[in-house]
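# Structural overview
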Amino acid sequence: MNIISKLQSDRVSFAHSVSETATKEYYIHCHNMYEIYFFLDGDADYLVEDRGYHLTPNSLLLLSPNVFHGLKINSAKPYQRYVLHFYPDVLSLERRHVLLSAFPPIGRYDGKEIFYPYSEEYRINSFFQSFAEVAKTSPELQQQLLPVYVEALLSQITIMSLSQSAAEADYNSSETVSKIISYLNSHLTEPFRLDAIAERFFISKHHLNKVFKKATGTTVYDYLLYKRIIYAQQLIINGSNAGEAALEAGFLDYSSFYRAYTKFLGHSPAKGLASFHTPPDVFY
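Bear in mind the structure is a predicted one, so any value in this text is a computation, not a measurement. One numbering rule holds for all chains: residues counted from 1, following each sequence as written. Local features are withheld for residues below a pLDDT of 70 in this predicted model, meaning they are given only at 70 or higher, and side-chain atom pairs are given and counted only at 80 or more; totals for whole chains, interfaces and linings count all residues. Where side-chain values are given, they derive from all heavy atoms of the structure, hydrogens and water being excluded.

The next point concerns the sheet that holds strand β8 (residues 79–86). Taken in spatial order, the six strands of this open sheet run β1-β2-β8-β3-β6-β9, and their pairing is antiparallel. Each edge of the sheet is formed by a strand with only one pairing partner; in this case those strands are β1 (2–8) and β9 (115–116). Strand pairing follows a simple DSSP-based rule, namely that at least 2 bridges must link the two strands. Strands are runs of DSSP state E lasting at least 2 residues, helices are runs of H or I lasting at least 4, and numbering of each runs from the N terminus. As judged from the eight bridges shared by strand β2 (residues 12–19) and β8, these two strands associate in the antiparallel manner. Opposite H16, over in β8, you have Y82 as the bridge partner.

An order of β7-β4-β5-β10 is seen for the four strands of this open sheet, with the pairing classed as antiparallel. In this open sheet, the two edge strands, each paired with only one partner strand, are β7 (69–73) and β10 (171–172). Pairing of strand β5 (residues 51–54) with β10, which is carried by two bridges, proceeds in the antiparallel orientation. Pairing of G52 across the sheet is with Y171, part of β10.

Let us look at the nonpolar core. In this text, buried Ala, Val, Leu, Ile, Met, Phe, Trp, Tyr and Cys residues form a nonpolar core when linked through side-chain atoms within 4.5 Å. Categorising residues by exposure relies on relative accessible area from a 1.4 Å probe, with only protein chains included: less than 20% of the type maximum marks a residue as buried, more than 50% marks it as exposed, and the intermediate range marks it as partly exposed. Core analysis: the biggest nonpolar cluster contains 37 residues, and L184, F212, I229, F251 and F257 have the highest contact counts within it. Within the residue set of this core, elements represented by two or more residues are α4 (175–186), α5 (194–200), α6 (205–216), α7 (220–237), α8 (242–248) and α9 (254–265). In terms of residue count, the dominant contributor to this core is α7 (ten residues). Those domain boundaries reflect an automatic or database domain assignment. Here this core spans two domains, since at least three of its residues come from each of domain 1 (2–170) and domain 2 (173–273).

Attention now moves to the packing of α7 against α9. Interaxial distance between α7 and α9 falls to 10 Å at its minimum, and their mutual angle equals 95 degrees. Classified by the angle their axes make, α7 and α9 are roughly perpendicular. Along the contact surface, α7 presents D222, L225, Y226, I229, I230, A232, Q233 and I236, while α9 presents F257, A260, Y261, K263, F264 and L265. Residues belonging to the contact of α7 with α9 are distributed by class as follows: eleven nonpolar, one polar and two charged. Angles shown run from 0 to 180 degrees and are taken between the N-to-C directions of axes, each axis being a line fitted to C-alpha atoms and, for helices, limited to the stretch in contact. With respect to orientation, any angle under 35 degrees is reported as roughly parallel, any angle over 145 as roughly antiparallel, any angle of 65 to 115 as roughly perpendicular, and every other angle as oblique. Contacts are residue-level and defined by heavy atoms, with any inter-residue pair within 4.5 Å sufficient. Any residue outside Ala, Val, Leu, Ile, Met, Phe, Trp, Tyr, Cys, Pro, Asp, Glu, Lys and Arg is labelled polar, Gly included; the first ten of those are nonpolar and the last four are charged.

Quick look at helix α2 (residues 124–134) now. For α2, the set of buried residues is I124, F127, F128, F131, A132 and V134. Down the axis of α2, the sector holding all buried residues measures 165 degrees, keeping them to one side. On its buried face, α2 is in contact with β1, β2, β3 (34–41), β6 (59–63), β8 and α3 (139–163). Note: the arc covers the axis-to-C-beta directions of the helix.

Below, the discussion takes up the pairing of β1. Note: β1 against β2, six bridges, orientation antiparallel. By the bridge assignment for β2, K6 is matched with A15. With antiparallel pairing between neighbouring strands as the criterion, β1 and β2 make up a hairpin whose turn holds three residues.

In terms of residue burial, β6 counts as a mostly covered element, since five of its five residues are buried. With burial as the criterion, each face of β6 is covered, one bearing S59, L61 and L63 and the other bearing L60 and L62. In the sheet, β6 pairs with β9 via two bridges, with the strands oriented antiparallel. Its bridge partner lying in β9, L61 is registered against F115.

Next up on the list: the packing of aromatic side chains. Any pair of Phe, Tyr and Trp rings, taking the six-membered ring for Trp, is counted once the centres come within 6.5 Å. Such a pair is stacked with planes under 30 degrees apart, edge-to-face with planes over 60 apart, and tilted for the rest. Evaluated as defined, the whole model comprises 23 aromatic pairs. Consider the rings of Y226 and F264, whose centres lie 4.5 Å apart with planes at 25 degrees: the pair is stacked. On the criterion of sequence distance, the pair formed by Y226 in helix α7 and F264 in helix α9 is long-range, its members being 38 residues apart. Accessibility classification places Y226 together with F264 in one group, the buried group. Taken together, the ring pairs connect F14, F38, Y82, F128, F131 and Y149 into an aromatic cluster.

The working definition used for a salt bridge is a side-chain nitrogen of Lys or Arg within 4 Å of a carboxyl oxygen of Asp or Glu. Under the criterion given, the structure shown has ten salt bridges. E113 is the partner of R51 in a salt bridge, and the nearest nitrogen-oxygen pair spans 3.3 Å. Here R51 is found in strand β5, whereas its partner E113 is found in the loop between α1 (93–99) and β9, with 62 residues between them in sequence. By relative accessible area, which is 17% here, E113 ends up buried.

Take α9 next. Multiplying 1.5 Å by the helix residue count minus one yields the expected span of that helix. Counted at 1.5 Å a residue, the expected span for α9 with its twelve residues is 16 Å, and the 16 Å between its end C-alpha atoms agrees. Here α9 has its buried residues at F257, A260, Y261, F264 and L265. Taken around the axis of α9, the buried residues stretch over an arc of 105 degrees, which confines them to a single face. Opposite the packed face of α9, turned more than 90 degrees from it, sit the exposed residues R259 and K263.

Before going further, it helps to examine unusual backbone geometry. If you check the backbone angles, N66 has positive phi at about 65 degrees while not being a glycine. Residue placement: N66 occurs in the loop between β6 and β7.

Structure, rendered in structure tokens:
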């Protein structure tokens, strides 16, 4: 993935990227930031939890924290996109609720549609282009301007969401997988046994993992583990120590938490909490 323009502070990250390399499968991940994904051109599909979207030029996806998602580039046709990640505290407190109203509830994708394939009349592209212009200014000025530009983009997205309906997914998984996802998100930190999940939904363990991975790009165990890690990361950012966060997120011992944390996030729980971390750019 080649970066054309990039902008980053401790609460906001923006990138304009291009690629001419196809990917064989979705690279699924989740994180504790809000994400606005704007597709410019190419041949690509996007998976959000168990729902798939075929991207069209000038289409927009709104992703809340702790929701599984990932991109698949289908061919060598030049792929190009803008993406913005941000923490909610970059927004003014009095406007935060309104500016985030177009996003689904945090931590789950409950069927509220998030895909806007027709954004041209709302000039969303020009708002992203403004971030590229800010990237050319001094670091000091960037810090001052970024919150203003994030709020401006979100204001326009809010207007768009009130003026036009989001599109339904191009496809979604079986009703059983949707119910399993809902159940896992509702019992995120509780003790987990794959046998119990299979019994609850009247399905064999083998078939459960098979249909779940086909629908989401990951296994039931890794899905739950990754979401627990992101939840624990947010607890640490909010002031909990790593041991407390591990227990509250559902881990029985610290060593298993530490291994999973470094595996999924690429750094230890003690590092990088004051800075902005996004997964590797190729994921997008």
